[in-house]
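The residues making up each chain are set out below.
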Amino acid sequence: MHPAQNLEELLVDAETLTIVCHNNPDPDCLASAFALGRIAVAAGIDEHHILYSGDISHQQNRAFVNLLDIDLKPFEPAAVRDRPKESLLAFVDHAVPGANNRVPEGTPIDIVIDHHPSEEIEAQFIDHRERVGATATILTEYVRELGTEMDAALGTALLFAIRRETLGFLRGATREEYEAAGWLHEHADNALLRTLSTPSVTGATVDAIAEAITNRTVRGSVLISGIGRTSERDALPQAADYLATLEGVETAIVFGIVEDGIQLSARSTDSRIHIGDVLDGAFSDVGNAGGHREMAGGEVPLGIFTDYTTDDTQLFAIVDQVMSARLVSELNLTPETGE
């Protein structure tokens with residue numbers, strides 16, 4: 001039996017569905033939640049909610065939610081506690097309670113659909129495919145298999161998510177992404193796709209990317225940059241994407257202070273490096289980090305750093321030294337080349 005049919009059987013017997021996005025959800029997570037909600041409605045679910053925690057700060061993500069009219073609600077722990085038997089809890093684009101989400105560790109999960117590396121996943125229904133390039137690819141397969149009613153909003157959401165997650169089919173794309181995109185093309189709104197692809201950029205985002213460019217250091221083919229404190233969390237992956245295109249750079253890692261944590265974003269085209277494993281090895285003992293071979297991220301609580309100073313400049317000088325040292329050690333890098 002196809003996984004989509006197994007999922008449908010589980011949904012048919014339920015009355016409500018709570019879909020939890022990961023922290024600071026991106027288009028892949030949002031589109032997957034949107035599609036799962038549609039599948040749930042078609043299966044007879046009376047009520048479903050899509051919850052998120054953190055921020056939707058990236059200009060593309062904000063445009064995605066607004067233009068596609070995706071109904072999101074802030075995460076509340078009460079929504080996942082003491083659920084009645086007829087109420088299901090689903091994760092899309094993440095898999096484990098407490099890892100990149102605010103769901104308490106040990107919370108029973110009913111549905112997990114994800115493509116990120118993960119271990120010890122527990123749920124009634126699990127579709128975990130690390131080999132595919134996007135969770136939205138899996139949900140597209142479900143929509144096709146189940147004959148879920150399509151419209152321009154859903155088609156556009158899924159197609160944009162696949163394109164964004166794979167950087168236009170240049171990062172981690174598989175045959176499944178091309179097949180899904182080919183089918184979705186007939187259902188998507190091309191004008192809306194263009195609008196989503198070129199949203200306006202805030203001045204704070206430009207400043208953060210400029211800071212990453214200015215502060216970069218290069219060791220061999222690895223670039224590391226710290227941007228200090230920023231309110232634009234999603235400027236970090238944008239900066240990492242840009243810096244990874246510099247001549248001679250195969251791996252780019254950017255970090256900065258956002259609220260009460262240190263956020264990291266990394267990109268790599270070096271076949272010798274699994275950047276998700278690198279971040280996990282460097283920071284798993286002090287935070288939460290990991291991801292794919294070519295793309296990864298993480299968060300380290302400021303914790304003890306804040307005991308030294310309340311001045312942001314001094315604080316980041318300490319953070320920069322410690323974070324860079326851990327990365328240099330994990331990557332076995334030689335001294336700076338003077339970029």
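Further up the page is the structure itself.
Rules used throughout
- Residues numbered from 1 in each chain as written.
- Predicted model: local features only at pLDDT ≥ 70, side-chain atom pairs only at ≥ 80, totals over all residues.
- Heavy atoms only, no water.
- Helix = DSSP H or I, 4+ residues; strand = E, 2+ residues; numbered from the N terminus.
- Contact = heavy atoms within 4.5 Å.
- Pairing = 2+ DSSP bridges.
- Axes fitted to C-alpha atoms, helices over the stretch in contact; angles between N-to-C directions.
- Phe/Tyr/Trp six-rings, centres within 6.5 Å; stacked < 30°, edge-to-face > 60°.
- Buried < 20%, exposed > 50% of the residue type's maximum accessible area, 1.4 Å probe, protein only.
- Salt bridge = Lys/Arg side-chain N within 4 Å of Asp/Glu carboxyl O.
- Patch = residues over 30% accessible without salt bridge, like charges linked within 9 Å, V, L, I, M, F, W, Y side chains within 5 Å.
- Areas by Shrake-Rupley, 256 points an atom, 1.4 Å probe, with all protein chains shown as cover.
- Lys, Arg positive; Asp, Glu negative; His and termini not counted.
- Charge placed at Lys NZ, Arg CZ, Asp CG, Glu CD.
- Right-handed = clockwise from strand over helix to strand, strands pointing away.

J.: What am I meant to see in the side chain of Ser221 here?
T.: Relative to the elements of secondary structure, Ser221 occurs in the loop between β7 (217-219) and β8 (222-229). When neighbours within four sequence positions are excluded, Ser221 is seen to be in contact with Gly248, Val249, Glu250, Thr251, Asp270 and Arg272.

J.: How should I be thinking about the environment of Phe255 in this particular structure?
T.: Inspection of the secondary structure assignment puts Phe255 in strand β9 (residues 251-258). For the pair Phe255 and Asn66, spaced 189 residues apart in sequence, the C-alpha separation works out to 28 Å.

J.: What is the right way to read the sheet that holds β8 from this model?
T.: As a general point, the strands of a sheet are linked pairwise by backbone hydrogen bonds and lie either parallel or antiparallel. Sheet architecture is open: six strands sit in the order β7-β8-β9-β10-β12-β11, paired in mixed fashion. Where the open sheet ends on each side, the last strands, each with one partner, are β7 and β11 (288-291). Neighbour to neighbour, the strand axes of the sheet diverge by 15° on average, direction disregarded. Against the sheet, helix α10 (residues 275-283) contacts β9, β10 (261-268), β11 and β12 (295-301), and its axis sits at roughly 165° relative to β11. With respect to the sheet, helix α11 (residues 312-331) is in contact with β7, β8, β9, β10 and β12, its orientation differing from that of β9 by roughly 150°.

J.: Just to check I follow, could you spell out the packing of aromatic side chains for this structure?
T.: Describing an aromatic ring pair means giving the distance of the ring centres and the angle of the ring planes. Under the criterion given, the structure shown has four aromatic pairs. Centroid distance Phe64 to Phe160: 5.8 Å. Interplanar angle 35°. Geometry classified as tilted. Taken together, the residues Phe64 in helix α3 (residues 59-68) and Phe160 in helix α5 (residues 152-165) connect sequence positions 96 residues apart. As far as the burial class goes, Phe64 and Phe160 line up, both buried.

J.: Can you help me understand α3 in this one?
T.: Residues that lie three or four places apart on an α-helix share one face, since the helix turns once every 3.6 residues. Of all the ten residues making up α3, seven are buried; the element is thus mostly covered by neighbouring parts of the structure. Listed in full, the buried residues belonging to α3 are Gln59, Gln60, Asn61, Ala63, Phe64, Val65 and Leu68. Close packing links the buried residues of α3 with α2 (27-42), β3 (72-74), α5, α7 (190-197), α8 (203-214) and α9 (235-243). Of the residues flanking the end of α3, it is Asp69, one or two places downstream, whose phi is positive at about 55°.

J.: I tried to follow the pattern of salt bridges on my own but got confused; where do I start?
T.: A side chain with one charge may pair with a side chain of the opposite charge, provided their charged atoms come close. For the structure on display, the rule yields 16 salt bridges. Asp55 is the partner of Arg233 in a salt bridge, and the nearest nitrogen-oxygen pair spans 3.3 Å. Of this pair, Arg233 sits in the loop between β8 and α9 while Asp55 sits in the loop between β2 (47-52) and α3, placing them 178 residues apart in sequence. According to the relative accessible area criterion, Asp55 is partly exposed, its value standing at 30%. As a salt-bridge pair, Arg233 and Glu259 come within 3.8 Å of each other at their nearest N and O atoms. On the criterion of sequence distance, the pair formed by Arg233 in the loop between β8 and α9 and Glu259 in the loop between β9 and β10 is long-range, its members being 26 residues apart. On the accessibility criterion, Arg233 (10% relative accessible area) is buried. When salt bridges with common partners are traced through the structure, they connect Arg164, Arg171, Asp241 and Arg267 into a single cluster.

J.: Is there a simple way to explain the environment of Val319 in this structure?
T.: Relative to the elements of secondary structure, Val319 occurs in helix α11. Residues Val319 and Ala161 lie 158 residues apart in sequence; the distance between their C-alpha atoms is 33 Å. Setting aside anything within four residues of it in sequence, one finds Val319 in contact with Phe255, Ile257, Ile262, Leu302 and Phe305.

J.: Which parts of the structure should I look at to understand unusual backbone geometry?
T.: Trans peptide bonds make up most of the peptide bonds, and negative phi angles are found at most residues other than glycine. Of note, the phi angle at Asp69 is positive, near 55°, even though the residue is not glycine. By the element assignment, Asp69 lies in the loop between α3 and β3. Positive phi values are uncommon outside glycine, yet Phe169 reaches one of about 70°. Its place among the elements puts Phe169 in the loop between α5 and α6 (175-184). You can call Phe169 buried: its relative accessible area is 19%.

J.: Got a minute to help me understand the sheet that holds strand β6 (residues 125-128) in this structure?
T.: Read across the sheet, six strands follow the order β3-β2-β1-β4-β5-β6 without closing on themselves; strand pairing throughout is parallel. Of all the strands in the sheet, just β3 and β6 have a single pairing partner and so form its edges. Neighbour-to-neighbour, the strand axes of the sheet open up by a mean angle of 25°, direction not taken into account. Across five bridges, the pairing between strand β1 (residues 16-20) and strand β4 (residues 87-92) is parallel. Within the sheet, the bridge partner assigned to Thr18 lies in β4 and is Leu89. Of the strands in this sheet, β5 (111-114) and β6 are in contact with helix α4 (residues 135-146), which crosses β5 at around 115°.

J.: Sorry, what's going on with a negative patch on the surface here?
T.: Residues Glu119, Glu120, Glu122, Glu130, Asp277, Asp280 and Glu330 make up a contiguous surface patch of negative charge. Secondary-structure assignment places Asp277 in helix α10.

J.: Looking at this model, I keep getting lost on the pairing of β2. Mind explaining?
T.: Consecutive residues of a regular strand have side chains that alternate between opposite faces of the sheet. Sheet topology places β1 next to β2; five bridges connect them, and they run parallel. Its bridge partner lying in β2, Thr18 is registered against His49. As for the winding sense of the linkage, the β-α-β connection from β1 through α2 to β2 is right-handed. As paired strands, β2 and β3 are joined by three bridges and run parallel to one another. From the neighbouring strand, Ile50 faces β3, where its bridge partner is Leu72. Tracing the backbone out of β2, into α3 and back to the parallel element β3 gives a crossover that is right-handed.

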